[in-house]
Amino acid sequence: MRDEIDEHNRRYFVEDQPLISDADYDALVRELKAIEAEFPELVTPESPTQHVGGFAASQFSEVRHRVPMMSLDNAFGFDELHEWGRRLERRLGAEGGDTSFVCELKIDGFAISITYENGRYVQAATRGNGEVGEDLTANIATVEAIPKKLSGKAPTLLEVRGEIYMPLVAFERLNKRQADAGDRLFANPRNSAAGSVRQKDPSITASRELSLWTYQLGAIEGGPSFTTHMETLDWMRSAGLPVNPEITALGTLDEVYERCRHWQEHRHDLEYEIDGVVVKVDNLRLRAELGFTSKAPRWAIAYKFPPEERTTMLKDIMVSIGRTGKATPFAVLEPVFVGGSTVQLATLHNEDQVKAKDVRPGDTVIVRKAGDVIPEVVKPVLAERPKRLKPWKFPTTCPVCNEPLVRLEGESDTFCTNLECPGQRWARICHFTSRGAMDIEGLGERTVSLFLEHDLIRDPADIYSLDWDRVRGLEGFGEISVTNLQNAIEASKERPLASLLVGLGIRHAGGTVSRVLAKAFGHLDRLTAATEDEIAAVEGVGRIIAHSVREFFDNDGNREVIEKLRRAGVNMTGPEAPSLPQVLEGMSIVVTGTLEGLSREDAEEAIKARGGKSPGSVSKKTTAVVVGEAPGAAKLTKAEELGVPVLEETAFTKLLETGELP
C-alpha cells in the first residue's frame, strides 16, 4: 500500500497525470493510517504518512526551502473537524478560551514558494517533498498576478507561499483550443495549472492565463514582525501580493464550522475551483506552542468537501436522440456516489469529445459532478485499461428509428434527420410541457412515454385534444389525477407567446431569444410571415438564429402543429407594447440567493418585464445587487469592491414598483 501511494504521489506531483481521483487517493491514505494506528510497530520513517506527499522532479534544478513547506492534516467530515477543535482546546488549556481562527478557501491549484530579495522577484519553486522543490523561476515569472517588485519598504529577504490556479473561464478556453487543434483535453483546472507551470518553454506557461493567491509567509529577514496571521495577510496585501478576499477571521469554533458549511454549499459561486476550507489559529505565539507533527502543523487543518470526482467502471456508451434530432453520446456507469448523489449516467457531449477523451466501454474512468451540473466522464484511467480494448465508434444510424445519422459540415454535432423519429417526438413533447416552456404540471417524461406508447399523442398539439376516456383507463389515472392534468393543460393555453416559442423548440432560440422575438413581433402570425432579413434585424437575434427560425416555420410539419395549437385556443400573442411600466429601463440588476416571495427565476423575469436586464455576474455596469438567503459571496464581494448598491427583498419590491433605488 505504501508503494502504491508513493506511485500515486509521483504521478500527481511530478507527472501531473493522476491515475485516480483525489477522493480515492484520500481513501487509500486513510486506510494506511488506520493500519498503522492499529499496528504502530509497522510505522517506518519512509511511510507516506510520515512525510509531505510530493517529489522534486529531475527536469528542473533543485531548490532547498529555507523553511519547510509542510502539508496539512485533513478533516473529511464535521466529526473530524470537531475532533480537531477539541484537541486544540485540550492542548491550549486555559489559553484556548480566547483563541481566534482564520478561515481560508482551499484553492484547488498548485502550491508554490516565491522569493523576493529587497523587494524584487528572484525565485519560484514547487513544494516538492517539503524540503526540496523544483526551480520554476522563469515559468512562474510569466504569471501576471505575481508582482515582480513589492510595494513599500520591502524586507531584505521574503519568501511567500501561495497557490497557482487556473480560473474556470481560462480552463474552458484552453480546452476549446485543445479540441480545435485535435489535441487531448485537460481533466480539470488543477492538473492544467500544474502541467502549465512545468513547461520547458515559459511562453507556453504565459499562454495559459494562470493566476495566484498567496496565503502564508515563509522566511522573512529584515522585515516587520507580526503577532497574528491576519496581520501578515494585511501586510502582504499592502505589499501588492494577491490575497484572497474571502479569508475571514472568526472568534469561535462554532463560527468556523458554520463558515465551512457555507462554502460547502456555495463553492460553485466562485470563478475558480476550491476543494475545502483551511482553518488556522490566528495567534502566532499560540501556533509556536502547538508546534508540528512530523509532516503537518497542529495549529491548522484542511476541511475537505465531499468528493466531486470518483472512479468507476464505464459499462457502455449509448446515444440519446434529442428534440432537434441531435445525437448525444452518454456513458452508462457502474453506480458511484459522487457530488452528493449516486450517478449511473454521464454525458459525453459529442463524437469529438469521445475521441479526445478516448474513453472506451470497459475502462475505469474518472467521473465528475460539480454541484447541480450534469455528471460527466472526465477521462479514462489508462493504467487500468484492459488489453486489446477497442476504441468506441459513433453509430452511423439512429438507435431509435434506424435512419442514417448525419454530421453537418463545420459542426461537432450529429443529427437524426428523420422528423418522425420516435426519440425526437418524445423529446419534443417533453420539452413543450417543461417548466421553461408551457409548464404543464403532471405531464412529465414518464407520462409522455405512456401516452406515446398508447398512441394518445404524436406531437405537442395533441396534448390539447386528448381522449380523456382512454386516459382514465390507464393505470395511475384516477379522477383526481385526470382533473388536475386537465386543469394544467387548460391553464397552459394562456401562457405568453415567448413560452410558446420556447416550447416549439426552434433551434438556437432559447428563452432570451424567444422573449426578444415575442416583444418584436407581438403575434406568432407576424413572426411566421417575417423574412429572414426582418428576423435578423431584431436586436439580439442575428443571421444564424434568423435562418434557424425561418427554416422552422418553412417546415410543413411544424406549420401543421401550429394550426392545431391555434384551433385548440392556445395563446399566440405577445407584448406588442410593454404590459408593465418600464421603470427599470437601462438598469442592470443582479439577483443572488433565495428570496422569500419570489423564486430567483421569477425575480429575474420581473426585472426583465420592467425593461431591465438581469445578468448572472456583477460588473461596473451593474445598477444594484438583490440579495436573498445564502447569497453568493463572490457577487457580494464584487459589489462591495465596485460600490454597487446591495438591496434586500423589501427594497427590491419598492424598486420594481418605482424604479428608484433607496
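As shown above, the structure is provided for reference.
Keep in mind the model is a prediction, meaning the values are calculated, not measured. (Residues numbered from 1 in each chain as written. Predicted model: local features only at pLDDT ≥ 70, side-chain atom pairs only at ≥ 80, totals over all residues. Heavy atoms only, no water.)

1. Some details on the overall build of the chain
Basically, it comes down to this: We count a stretch as a helix when DSSP gives it H or I for four or more residues in a row; a strand needs E for two or more, and each element gets its number in order from the N terminus. The quantity called the radius of gyration is restricted to C-alpha atoms. Its globule counterpart is 2.2 Å times the number of residues to the power 0.38. Summary of the burial criterion: residues with accessible area below 20% of their type's maximum are buried, those above 50% are exposed, and those between are partly exposed, where the area comes from a 1.4 Å probe applied to protein chains only. Residues are treated as being in contact if the distance between any of their heavy atoms lies within 4.5 Å. For accessible areas, the Shrake-Rupley method is used with a probe of radius 1.4 Å. Any residue's cover is judged against the shown protein chains and nothing else. Only four residue types enter the charge count: Lys and Arg as positive, Asp and Glu as negative, with His and the chain ends excluded. The atom standing in for a charge is NZ when the residue is Lys, CZ when it is Arg, CG when it is Asp and CD when it is Glu.
Broken down by element type, the chain carries 24 helices and 21 strands. The C-alpha atoms of the chain give a radius of gyration of 29 Å, which matches the 26 Å a tight globule of 662 residues would have. In the chain, buried positions account for 50% of the 662 residues. In the chain, the share of contacts with a sequence separation of at least 24, taken over all contacts with a separation of at least 6, comes to 67%. For the chain, the computed accessible surface area is about 32,100 Å², with 50% contributed by carbon and sulfur atoms. Each charge sign in the chain was given a centre, from 80 positive and 103 negative side chains, and these centres are 4 Å apart.

2. Observations concerning the packing of aromatic side chains
Here is the rule we go by: For this analysis, a ring pair means two rings from Phe, Tyr or Trp (six-membered ring only for Trp) whose centres lie within 6.5 Å, classed as stacked if their planes differ by under 30 degrees, edge-to-face if by over 60, and tilted for the remaining angles. Remark: a charge is flagged as sitting over a ring if the NZ atom of Lys or the CZ atom of Arg is within 6 Å of the ring centre and within 35 degrees of the ring normal.
This model, assessed by the stated rule, comprises 13 aromatic pairs. For the ring pair Tyr 116 and Tyr 121, a centre distance of 6.2 Å and an interplane angle of 75 degrees mean the geometry is edge-to-face. The pair formed by Tyr 116 and Tyr 121 is uniform in burial state, with each residue classed as buried. Members of the aromatic cluster, connected to one another through ring pairs, are Phe 78, Tyr 303 and Phe 305. Its end group placed over the ring of Phe 78, Arg 261 keeps NZ or CZ at 4.5 Å from the ring centre.

3. A look at the sheet that holds strand S20 (residues 624-627)
Strands belonging to one sheet form pairs held by backbone hydrogen bonds; the direction of such a pair is parallel or antiparallel. Put simply, the test is: Two strands form a pair only when DSSP identifies at least two bridges running between them.
Spatial ordering of the open sheet is given by S19-S20-S21, a layout of 3 strands whose pairing is parallel. Each having just a single partner strand, strand S19 (589-592) and strand S21 (646-647) make up the two edges of the open sheet.

4. Focus: the sheet that holds strand S5 (residues 120-126)
In plain terms, the rule: Only the contacting stretch of a helix is used when fitting its axis, a line to C-alpha atoms as for every element, and angles between N-to-C directions run 0 to 180 degrees.
The 4 strands are arranged S5-S4-S7-S8 in an open sheet whose pairing can be described as antiparallel. Pairing within the sheet leaves two strands with one partner each, and these edge strands are S5 and strand S8 (211-221). Strand-to-strand, the axes of this sheet are offset by a mean angle of 25 degrees, without reference to chain direction. As paired strands, strand S4 (residues 110-117) and S5 are joined by 6 bridges and run antiparallel to one another. Its bridge partner lying in S5, Thr 115 is registered against Gln 123. Against the sheet, helix H8 (residues 229-238) contacts strand S7 (157-165) and S8, and its axis sits at roughly 110 degrees relative to S8.

5. Side note on the packing of helix H16 (residues 497-504) against helix H17 (residues 511-521)
Keep this limit in mind: Angles are sorted into four bins: roughly parallel if under 35 degrees, roughly antiparallel if over 145, roughly perpendicular if 65 to 115, and oblique for all others. For any pair of crossing helices, the crossing counts as left-handed if the nearer helix is rotated counterclockwise from the farther one by less than a right angle, and right-handed if it is rotated clockwise. Here the term charged refers only to Asp, Glu, Lys and Arg, the term nonpolar to Ala, Val, Leu, Ile, Met, Phe, Trp, Tyr, Cys and Pro, and the term polar to all other amino acids, Gly among them.
It is at 8 Å that the axes of H16 and H17 come closest, and there the two elements cross at 135 degrees. Taken together, the axes of H16 and H17 lie oblique to each other. Two packed elements cross with a definite hand, and for H16 against H17 that hand is right-handed. On the side of H16, the interface is formed by Leu 497, Ala 498, Leu 501 and Val 502, while H17 contributes Gly 511, Ser 514, Arg 515, Leu 517 and Ala 518. Residues that form the contact of H16 with H17 fall into these classes: 6 nonpolar, 2 polar and 1 charged.

6. Quick look at the environment of Asp 282
Going by this rule: Pairing of N or O atoms within 3.5 Å defines a polar contact, subject to two protein rules: one partner must be a possible hydrogen donor and the other a possible acceptor, and residues neighboring in sequence count only if both atoms are side-chain atoms.
Within the secondary structure layout, Asp 282 lies in the loop between strand S10 (274-281) and helix H10 (284-290). Judged by its relative accessible area of 7%, Asp 282 is buried. Once the C-alpha coordinates of Asp 282 and Asp 462 are considered, the two residues, 180 residues apart in sequence, prove to be 67 Å apart. Apart from residues no more than four positions distant in its own chain, Asp 282 is found in contact with Ser 100, Phe 101, Val 102, Thr 227, Thr 228, His 229 and Met 230. Within the structure, the side chain of Asp 282 is placed 3.0 Å from the backbone nitrogen of Met 230, a separation counted as a polar contact.

7. Points about helix H20 (residues 543-553)
Among all positions of H20, only Ile 545, Ala 546, Ser 548, Val 549, Arg 550, Phe 552 and Phe 553 are buried. Looking at the packing, one finds that the buried side of H20 touches H16, H17, helix H18 (524-529), helix H19 (532-536) and helix H21 (556-568).

8. Concerning the state of the cysteines
Put simply, the rule reads: In this description, the term disulfide denotes a pair of cysteine sulfurs within 2.5 Å.
All chains considered together, the criterion is met by 0 disulfides. Free cysteine: Cys 260, not disulfide-bonded; nearest cysteine sulfur from Cys 103 at 5.1 Å. Here Cys 416 stays free of any disulfide, with the sulfur of Cys 401 as its closest cysteine sulfur at 3.6 Å. You can call Cys 416 buried: its relative accessible area is 2%.

9. Comments concerning the pairing of strand S11 (residues 300-304)
For S11, a buried count of 5 out of 5 residues is recorded, marking the element as mostly surrounded by other parts of the structure. Of the two faces of S11, the one lined by Ala 300, Ala 302 and Lys 304 and the one lined by Ile 301 and Tyr 303 are each fully buried. Where strand S2 (residues 74-75) lies against S11, 2 bridges are found, and the strand directions are parallel. Within S11, the position partnered with Asn 74 by the bridge is Ala 302. As judged from the 5 bridges shared by S10 and S11, these two strands associate in the antiparallel manner. Along S11, the bridge assignment pairs Val 279 with Ile 301.

10. Topic: helix H6 (residues 189-197)
With respect to burial, H6 is a largely interior element, 9 of its 9 residues being buried. For H6, the complete set of buried residues consists of Pro 189, Arg 190, Asn 191, Ser 192, Ala 193, Ala 194, Gly 195, Ser 196 and Val 197.

11. Things to note about the side chain of Ser 614
Looking at where Ser 614 falls in the secondary structure, it is placed in the loop between helix H22 (600-609) and S20. Here Ile 589 takes part through its backbone oxygen, which lies 3.1 Å from a polar atom of the side chain of Ser 614. Aside from chain neighbours lying at most four places away, what touches Ser 614 is Ile 589, Val 591, Glu 604, Ile 607 and Lys 608.

12. Some remarks on the pairing of strand S12 (residues 309-321)
Where S12 and strand S15 (residues 364-368) come together, 5 bridges link them in antiparallel fashion. From the neighbouring strand, Glu 309 faces S15, where its bridge partner is Arg 368. Bridge count between S12 and strand S13 (residues 326-338): 7 bridges; the pairing is antiparallel. Residue pairing for S13: Val 319 is matched across the bridge by Pro 329.

13. Looking at the nonpolar core
Note the following rule: By convention a nonpolar core is built from buried Ala, Val, Leu, Ile, Met, Phe, Trp, Tyr and Cys residues, the set being connected through side-chain atoms within 4.5 Å.
Core analysis: the largest hydrophobic core is formed by 50 residues, its most contacted members being Phe 451, Leu 500, Leu 501 and Leu 565. Every residue in contact with Leu 565, bar those within four places of it in the chain, is listed here: Phe 432, Ala 461, Tyr 464, Leu 500, Leu 504, Val 570 and Met 572. Counting 36 residues, the second largest nonpolar core, distinct from the first, contains Val 102, Phe 110, Leu 210 and Ala 239.

14. Some details on the pattern of salt bridges
Spelled out, the test is: We define a salt bridge as a contact between a side-chain nitrogen of Lys or Arg and a carboxyl oxygen of Asp or Glu at a distance within 4 Å.
Within this structure, the stated rule accounts for 36 salt bridges. Salt-bridge contacts for Glu 420 lead to Arg 425; the nearest nitrogen and oxygen are separated by 3.0 Å. Accessibility expressed as a relative area gives 10% for Arg 425, which makes it buried. It is possible to trace a salt-bridge network through shared partners that takes in Glu 351, Asp 352, Lys 355 and Arg 407.

15. Digging into the side chain of Thr 214
Mapping Thr 214 onto the fold places it in strand S8. Looking at Thr 214, the relative accessible area reads 1%, which means it is buried. Those residues in contact with Thr 214 that sit more than four places away from it in its chain are Val 160, Arg 161, Gly 162, Met 236, Leu 241, Pro 242, Val 243 and Asn 244.

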